[in-house]
Amino acid sequence: SKDDMIGVGVPGLERVSEVYDYIDKVDMIAFPSIYNGDWQAWLRKKGYRVFGSGRGDELERDRVLAIEHFKELGLLQPKYKEITGIDNLIDYLENKTDKWIKVSEYRGGNETWHYLSKDLSRRKLAEIKHNLGDEGSVFKFLVFDPINGDNIVECGFDTPITVDGQYPEYVLNGYEKKDCCYLGKVRKYSDLAPVITEFNDKIAPTLKKYSYRNAMSTEIRAESDEKGYMIDFTARQPSPPGEIYLELIENFSQMVWDASGGV
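Along each chain, numbering runs from 1 in the same order as the chain's sequence is written. Local features in this predicted model are restricted to residues of pLDDT 70 or higher, and side-chain atom pairs are both shown and tallied only at a pLDDT of 80 or more, whereas totals for entire chains, interfaces and linings draw on every residue. Where side-chain values are given, they derive from all heavy atoms of the structure, hydrogens and water being excluded.

Asks: Run through the sheet that holds strand S5 (residues 113-115), naming residues and quoting values.
Replies: Should DSSP find at least two bridges between two strands, the strands are taken to pair. Going along the chain from the N terminus, every DSSP run of H or I of four or more residues is numbered as a helix, and every run of E of two or more is numbered as a strand. Pairing is antiparallel across the open sheet formed by four strands, whose spatial order is S3-S6-S4-S5. The two strands at the open ends of the sheet, each matched to only one other strand, are strand S3 (80-84) and S5. Pairs of neighbouring strands in the sheet enclose a mean axial angle of 30°, with direction left out of account. Where strand S4 (residues 99-102) and S5 come together, three bridges link them in antiparallel fashion. The partner of Ile101 across the bridge, within S5, is Trp113. Note on geometry: axes are lines fitted to C-alpha atoms, helical ones only across the stretch in contact, with angles between N-to-C directions running from 0 to 180 degrees.

Following this line, the structure appears as structure tokens:
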């Protein structure tokens, strides 16, 4: 019921549940989040005006596919191991410390978390096993080595739109303290450090192939202005920068409209 109430009571907004009763009555269809990439591609093929990541959402959903593609582009990636099954994960981590656990496909239920040691992370693993139930035997996990160093920082790039591999003149450049706060600054794209723009330049042809027209964010573990590891690609309106866009940008709706038309 909570999902079905989103938008109810907002002035000027009409909430409907029957998509296909209204799809031919609207000017644009927007997908600010991931999933439904195949639907977006189909809608565009049929001539509908669509704002969304298209099939480019797999760069966030399918971590293994994304990692291997980033490697093909010559981008640095942390070492990782793919493990199927929660019991196999527990066995693998038995004598290990300082690992980062991620999952593919399923957003929200299993966010990235830090495995410290057997004793300190035992309860977290037990919680995951309990929540997964029977699914635990086939659920896939990715275990990453840490990227540590005296000069390591986590930086990123946030833009409310990118259109077919093109980026706007002004973007947000920010730092996030996980689950605490986000500090961002509006900057000229041309002023961003090479460690940030290298990924954008190399992924641009892929975004064009996908007809990617949506917000986009990156998280990069950087050792210097020139050397960084791309650790997370966000193929959607992010949080918390996404909330900031709505307060910061007066012509946000115009940007979305133009982007959906390839501008």
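There's more to say after this.
Asks: Give a description of unusual backbone geometry that names residues and reports values.
Replies: For residues that are not glycine, phi is negative in most cases, and the peptide bond is trans in most cases. In this structure, Pro240 follows Ser239 across a cis peptide bond, with omega equal to 15°. Within the secondary structure, Pro240 sits in the loop between strand S11 (228-234) and helix H8 (241-248). Located in the positive-phi region is Tyr35, a residue other than glycine, with phi close to 80°. By secondary structure assignment, the location of Tyr35 is in the loop between strand S1 (29-30) and helix H2 (37-45). For Ser211, which is not a glycine, the phi torsion comes out positive at approximately 55°. With respect to the element layout, Ser211 can be found in the loop between helix H7 (194-209) and strand S10 (213-222). Note on exposure labels: buried denotes an accessible area under 20% of the residue type's maximum, exposed denotes more than 50%, and partly exposed covers the range between, all computed with a 1.4 Å probe on protein chains only. The exposure class of Ser211 is partly exposed, given its relative accessible area of 27%.

Asks: Run through the pattern of salt bridges, naming residues and quoting values.
Replies: In what follows, salt bridge is the name for a side-chain nitrogen of Lys or Arg lying within 4 Å of a carboxyl oxygen of Asp or Glu. All told, the structure shown has 13 salt bridges when counted by the stated rule. Among the salt bridges present, the one from Arg122 reaches Asp119, with a minimum N-O distance of 3.1 Å. Of this pair, Arg122 and Asp119 are both found in helix H6 (residues 118-132), three residues apart, which corresponds to roughly one turn of the helix. For Arg221, the salt bridge is made with Glu154, and the minimal N-O distance between the two is 3.9 Å.

Asks: So what's going on with the sheet that holds strand S9 (residues 181-188)? Residues and values would help.
Replies: The strand order across the open sheet formed by five strands is S9-S8-S7-S10-S11, and the pairing between neighbours is antiparallel. Only two strands of the sheet have a single neighbouring strand rather than two, namely S9 and S11. In this sheet, neighbouring strand axes are inclined to one another by 25° on average, regardless of whether the strands run parallel or antiparallel. Relative to S9, strand S8 (residues 170-177) runs antiparallel, the two being bridged by eight bridges. Bridged to Tyr175 within S9 is Leu183. Its contacts with the sheet put H8 on strand S7 (153-163), S8, S9 and S10, and the angle it makes with S7 is roughly 50°. Any two residues whose heavy atoms approach within 4.5 Å at even a single point are treated as in contact.

Asks: Tell me about the packing of aromatic side chains, and please be specific about residues and values.
Replies: Here a Phe, Tyr or Trp ring, Trp counted by its six-membered ring, pairs with any other such ring whose centre lies within 6.5 Å, and the pair is stacked when the planes are under 30 degrees apart, edge-to-face when over 60, and tilted otherwise. Inspection of every chain in the model, using the stated rule, returns eleven aromatic pairs. Relative to Trp39, the ring of Tyr20 has its centre 6.1 Å away and its plane inclined at 40°; by these criteria the two rings are tilted. Here Tyr20 is found in helix H1 (residues 19-22), whereas its partner Trp39 is found in helix H2, with 19 residues between them in sequence. For the ring pair Trp113 and Tyr115, a centre distance of 6.3 Å and an interplane angle of 70° mean the geometry is edge-to-face. Tyr115 matches Trp113 in its accessibility class, with the two residues each being buried.

Asks: Outline the pairing of strand S6 (residues 140-144), supporting the account with residue identities and numerical values.
Replies: Taking burial as the measure, the five residues of S6 include four buried ones, the bulk of the element. Where S3 and S6 come together, five bridges link them in antiparallel fashion. Looking across to S6, one finds that Ile83 is bridged to Phe141.

Asks: Mind laying out a nonpolar patch on the surface, listing which residues take part and the relevant values?
Replies: On the surface, a nonpolar cluster with roughly 340 Å² of combined accessible area is contributed by Tyr170, Val186, Ile244 and Leu248. Structurally, Tyr170 is set in strand S8. For patch detection, residues must exceed 30% relative accessible area and be free of salt bridges, and they are connected within 9 Å for like charges or within 5 Å for nonpolar side chains (Val, Leu, Ile, Met, Phe, Trp, Tyr). Using a 1.4 Å probe, accessible areas were evaluated by the Shrake-Rupley method; residue-level cover was limited to the displayed protein chains.

Asks: Hey, could you go over H7 for me, with residue numbers and the actual values?
Replies: Each helix should span, by expectation, one fewer than its residue count multiplied by 1.5 Å. In a regular helix each residue adds 1.5 Å, so 16 residues correspond to 22 Å; H7 covers 24 Å between its end C-alpha atoms and thus fits that length. At Ile203, H7 is deflected by roughly 45°, the largest bend along its length, and proline Pro205 occurs up to four residues later in sequence. Along H7, the positions that sit buried rather than exposed are Val195, Ile196, Thr197, Phe199, Asn200, Ile203, Ala204, Thr206 and Leu207. Next to the buried residues of H7 lie helix H3 (58-61), helix H4 (63-72), S7, S8, S10 and S11. Positive backbone phi, approximately 55°, marks Ser211, located one or two places after H7. The angle between axes fitted to the seven residues ending at a residue and the seven residues starting there is what we call the bend at that residue.

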